[in-house]
Amino acid sequence: MMDDGTELSLTIAQIVQRLKGSHLHSQIERQAKECLHQPEIKLESLKEDVRSFLKTSGWERKLQNAVYRELHVQLPPSHPSAPPEHLKEPLAYMRKAQASWEKRVLKSLNSMSTELEVPLARMRPAVEQKELTNKWNEMGTDEPDLSRFRPVYAPKDFLEVLIGLRNPNHDSSEDVSIKSHWGLIQVPLNVRDIPQLRRAYSELNLTSGQLGIDDHAHIHPDLFENEYVQIGKKVVVEQDSAAAQQYSRQGCPTGLRADLWALILNSTNQPQDVMHYEQLMAGVIQHDLLVDNLIYKDVKLTASNDDYYFVFEDFLYQVLLCFSRDTAVLEHFKYNSATPPRSYIQGKGGDEECAVVYPPNGEPALAPLCFLYNEPSKLYSVFREMYIRYFFRLHSISSSPSGIVSLCLQFERLLQTHLPQLFYHLRQIGAQPLRIAFKWMVRGFSGYLSTDQLLLLWDRILGYDSLEVVAVLAAAVFAFRAENLMEVTSLASAEAVLADLSTLKVIPLIQIFLFATAI
Amino acid sequence: MSDSADDIKPVSCTIKPPVYLQIGDTKTDPSHSGVCVVDVTLPFGKPVNIEEITFKNYYTAYVTVRLLRRSPGQEVPAKWSTTLRDLPLMDNPHTEGGSQDYFSIHRTQMQVEPDHVVSVRLILRQPSFAWLTFSLEDIRIFPHMEPDPEKEVSDWLSDLTLVDQHPDLEGLPDPQTVSSSIQQMWALTEVMQTNQTTASIGRFDVDGCYDINLLSLT
């Protein structure tokens, strides 16, 4: 309830606080001091001259990008009485549900540890450390016995928890009240419908050029593609985060995507980032975590059997093992409704330095990135930023509009509102649509779409700073296959109709669903 | 805005239990009208000048604030007036947004000066039938204090040496001090140039580890 002026001052103060003492700050200071030698800097107009030097040398732009990045991850200004848990998640019943889910996961981890007699974390003996260093680049060739390890939880379990979410103050006494009783999600979150989505996603409308549609082989490149790529090149040269994000809404050209995404995420590959990555690597070599085996197993089961991702198996291990030890990831728990479970390396209990945080499930977000970045530290820093901005929301229970609960509800509502016959039919045959779509959404469609299509989808996630398109795409897929789905008579046959998404072209589907659906 | 929650203690007041308005006969037709009234009486004989009213929402969609004010001195009966009508607390009465958030109503938002207030009446409205109940929690009233010299945002930002949003209050610094400090810097760079070594600074590592105890300095 503060007025705009105060809110702005507070935001500025918060951002200044975060950037002060950062590497960028010291670099800019150094640049400013060095530029004093230059003849154009005059004493009488010192301040203006230094500022214009910083502008022309590109440092002002770097600072702008850093500020822009902070705005993305900053908590919204909050009421002074609001306790920190309220900032993570304002709804008490959601906090409770998240806490009990976490307890379940932790219990499962702990019991696995006791059962298999494998410690949650331990220091590796020197011989083992040497061995791991030597085969760091070919961890995929190892064939350890992972049969005893089982995944801590399956997506189905998580879905059941979401379905069971109830607001104790919600009146569900009437049988078919407003909307949601057809679907599985029973919490009344505010989700956007097609008219609102049309306004928000106006760049996707039928009259704007899109990559994923207008770059098709049979359309002459002069109609859209060539000019669009030229604009993209300019954006990369300008090194402007905000412009890159806006540009990404209509898609990123393949040759520019790596640079554009790194720009949007402000993921600069500075020497200290490389150092940080190497430090994490050292951490992996020094300590062995129970979760490492789970990561190993997960990657073996999914990516190494995937036609597109198996080539990146080694990369995936390297990055995921490092990710699980990165305490910088802890920062995002300020706005993530989850709280990380911790364990302490034996013998150093209480020493925060050695606390190892149980890693969230990052794998689906990582594999497609391997197509864009081949340098491990760069891949790592882009992946980490993508995770802490977007993908973590798929694994925790929260009321955020990009959170998995909202996405599930939005998917169901879109389908109920615009394809009510289909929804009703599927419900009647025991094939609730969410049960099929959940596995797509919880992975951001990674592993279900062909890679080029997936990257086009993720362009829009970055461009619109929201995971909503994932829910929209899920509904659009059902709309696309509606005719076939109306004919099926069982859950199994519905699943079969929707089993293979690898031939889908996502942008036309989204565009038609949003802009060509009669309302 | 001063952080009133820290500096100032809320006024001790009596918050009466909320009264939910009913339509029709309470026995046979217990439907809620979606309107509730909460009366907050301030200590008798001590009218308050209100700075801020804070509360935590629980599924209330709109709140209207009415004040009972008694002008000091005169023997005029106290009068009720509406100072804020239908302030939205939830974006959409049917959905969760804002349902459990913390709010403040500051005196600048009020249409009527909240001075010499004897009693506050909060009228809560929740038109949606989606919710079983609605109310406000933890209602606190903060009295108006004499304004302290407020800390300017520019003070917080003045530590920044470079990209300053600090309004230019003093003008340019004294040229003598600047030139002498630049001369010092220049002298330093000259010293560095004459003492150059060919050893690379490297990163403080030996054999790929970051153990500070093994730092080797040339």
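Because the structure is a prediction, the values reported are computed rather than measured.

## A short note on helix α6 (residues 92–116) of chain A
All names here are of chain A.
And then number 1: Along its 25 residues, α6 runs 36 Å from first to last C-alpha, staying within 8% of the 36 Å computed at 1.5 Å per residue.
And then number 2: Buried within α6 we find Tyr-93, Met-94, Ala-97, Gln-98, Trp-101, Glu-102, Val-105, Ser-108, Leu-109, Met-112, Ser-113 and Leu-116.
And then number 3: Buried-residue contacts for α6 involve α8 (155–163), α14 (290–301) and α18 (404–418).

## With respect to the nonpolar core
And then number 1: Judged by nonpolar contacts, the single largest core of 178 residues is most densely connected at Met-441 and Phe-478 of chain A.
And then number 2: Per element, the largest residue contribution to this core is 10 residues, and it comes from helix α22 (residues 468–480) of chain A.
And then number 3: If sequence neighbours within four positions are ignored, Met-441 of chain A has contacts with Leu-394, Ile-404, Leu-407, Cys-408, Phe-411, Leu-434, Val-470, Ala-471 and Ala-474 of chain A.
And then number 4: In this structure, Leu-24, Ile-28 and Trp-59 of chain A together with Val-178 of chain B belong to the second largest nonpolar core, which totals 15 residues.

## Some remarks on the state of the cysteines
All names here are of chain B.
And then number 1: Following the criterion strictly, the structure yields zero disulfides over all chains and no others.
And then number 2: With no disulfide of its own, Cys-13 has Cys-36 as its nearest cysteine by sulfur position, at a separation of 16 Å.
And then number 3: Taking the relative accessible area as the measure of exposure, Cys-13 reaches 25% and is therefore partly exposed.

## Comments concerning the environment of Asn-484 of chain A
And then number 1: Structurally, the position occupied by Asn-484 of chain A is in helix α23 (residues 482–487).
And then number 2: Residues Asn-484 of chain A and Phe-371 of chain A lie 113 residues apart in sequence; the distance between their C-alpha atoms is 34 Å.

## Details of the sheet that holds strand β7 (residues 102–106) of chain B
Residues and elements named next belong to chain B.
And then number 1: Taken together, three strands build an open sheet; the order of strands is β7-β4-β9 and the sheet is antiparallel. The sheet is open, and its two edges are formed by β7 and β9 (135–143), each paired on a single side. In this sheet, adjacent strand axes meet at a mean angle of 20° when their direction is disregarded.
And then number 2: Pairing of strand β4 (residues 50–58) with β7, which is carried by five bridges, proceeds in the antiparallel orientation. Its bridge partner lying in β7, Phe-55 is registered against Phe-103.

## Things to note about the confidence of the model for chain B
All names here are of chain B.
And then number 1: Looking at chain B as a whole, the pLDDT averages 77, with 70% of positions reaching at least 70.
And then number 2: Confidence drops under a pLDDT of 50 for residues 1–5, and excluding neighbours within four residues, the segment shows 10 contacts in the predicted structure.
And then number 3: Overall, residues 204–218 carries pLDDT values under 50, and its contacts beyond four positions in sequence, including any with other chains, amount to 11 contacts.

## Some details on the packing of α6 of chain A against α14 of chain A
Residue and element names in this part refer to chain A.
And then number 1: For the pair α6 and α14, the least separation of the axes is 11 Å and the interaxial angle reads 100°. Viewed along their axes, α6 and α14 adopt a mutual orientation that is roughly perpendicular. Taken together, the residues of α14 that come into contact with α6 (itself represented by Leu-109, Met-112 and Ser-113) are Leu-290, Val-291 and Leu-294.
And then number 2: When its residues are assigned to classes, the contact of α6 with α14 shows five nonpolar, one polar and no charged.

## Brief notes about the packing of aromatic side chains
And then number 1: Within this structure, the stated rule accounts for 17 aromatic pairs over all chains.
And then number 2: An angle of 55° between the planes, with centres 4.8 Å apart, marks the rings of Phe-391 of chain A and Trp-458 of chain A as tilted. You can see Phe-391 of chain A sitting in the loop between α17 (376–389) and α18 and its partner Trp-458 of chain A sitting in helix α21 (residues 451–464), a full 67 residues away along the chain. You'll find Phe-391 of chain A and Trp-458 of chain A in the same group, each marked buried.
And then number 3: Put simply, the rings of Phe-411, Trp-440, Phe-445 and Phe-478 of chain A pair up and form one aromatic cluster.
And then number 4: A cation over an aromatic ring shows up here: Arg-121 of chain B above the ring of Trp-80 of chain B, its NZ or CZ 4.6 Å from the ring centre.

## What about the packing of helix α13 (residues 271–286) of chain A against α17 of chain A?
Residue and element names in this part refer to chain A.
And then number 1: Relative orientation of the contacting elements α13 and α17 amounts to 90°, with a least axis distance of 9 Å. The angle between the axes of α13 and α17 places the two elements in the roughly perpendicular class. Between α13, through Asp-273, Val-274, His-276, Tyr-277 and Leu-280, and α17, the contact on the second element is made entirely by Pro-376, Ser-377, Tyr-380 and Arg-384.
And then number 2: Residues of the contact of α13 with α17, tallied by class, amount to five nonpolar, two polar and two charged.

## Some remarks on the pairing of strand β8 (residues 117–125) of chain B
And then number 1: Bridge count between strand β3 (residues 32–41) of chain B and β8 of chain B: seven bridges; the pairing is antiparallel. Bridging across to β8 of chain B, Asp-39 of chain B finds its partner in Arg-121 of chain B.

## What to know about the pattern of salt bridges
And then number 1: Across all of its chains, the model carries 16 salt bridges over all chains by this definition.
And then number 2: In this structure, Asp-240 of chain A and Arg-61 of chain A form a salt bridge, with 3.9 Å as the shortest nitrogen-oxygen distance. Remark: Arg-61 of chain A occurs in helix α4 (residues 59–73) and Asp-240 of chain A occurs in the loop between α10 (225–238) and α11 (241–248); sequence separation between them is 179 residues.
And then number 3: Its relative accessible area of 21% is what places Arg-61 of chain A among the partly exposed residues.
And then number 4: A salt bridge links Arg-125 of chain B to Asp-86 of chain B; the nearest nitrogen and oxygen atoms lie 3.3 Å apart. With Arg-125 of chain B in strand β8 and Asp-86 of chain B in strand β6 (residues 79–88), this pair connects stretches of sequence that are 39 residues apart.
And then number 5: The partly exposed category is assigned to Arg-125 of chain B, whose relative accessible area is 29%.
And then number 6: Under the relative-accessibility criterion, Asp-86 of chain B is labelled partly exposed at 31%.
And then number 7: Each of Arg-18, Arg-69, Glu-70, Glu-385 and Arg-389 of chain A takes part in salt bridges that share partners, so that together they form one network.

What counts as what
Residues numbered from 1 in each chain as written. Chains lettered and ligands numbered in written order. Predicted model: local features only at pLDDT ≥ 70, side-chain atom pairs only at ≥ 80, totals over all residues. Heavy atoms only, no water. Helix = DSSP H or I, 4+ residues; strand = E, 2+ residues; numbered from the N terminus. Expected span 1.5 Å × (residues − 1). Buried < 20%, exposed > 50% of the residue type's maximum accessible area, 1.4 Å probe, protein only. Contact = heavy atoms within 4.5 Å. Core = buried A, V, L, I, M, F, W, Y, C linked by side-chain atoms within 4.5 Å. Disulfide = S-S within 2.5 Å. Pairing = 2+ DSSP bridges. Axes fitted to C-alpha atoms, helices over the stretch in contact; angles between N-to-C directions. pLDDT = per-residue confidence, 0-100. Parallel < 35°, antiparallel > 145°, perpendicular 65-115°, else oblique. Nonpolar A, V, L, I, M, F, W, Y, C, P; charged D, E, K, R; others polar. Phe/Tyr/Trp six-rings, centres within 6.5 Å; stacked < 30°, edge-to-face > 60°. Lys NZ or Arg CZ within 6 Å of the ring centre and 35° of its normal. Salt bridge = Lys/Arg side-chain N within 4 Å of Asp/Glu carboxyl O.

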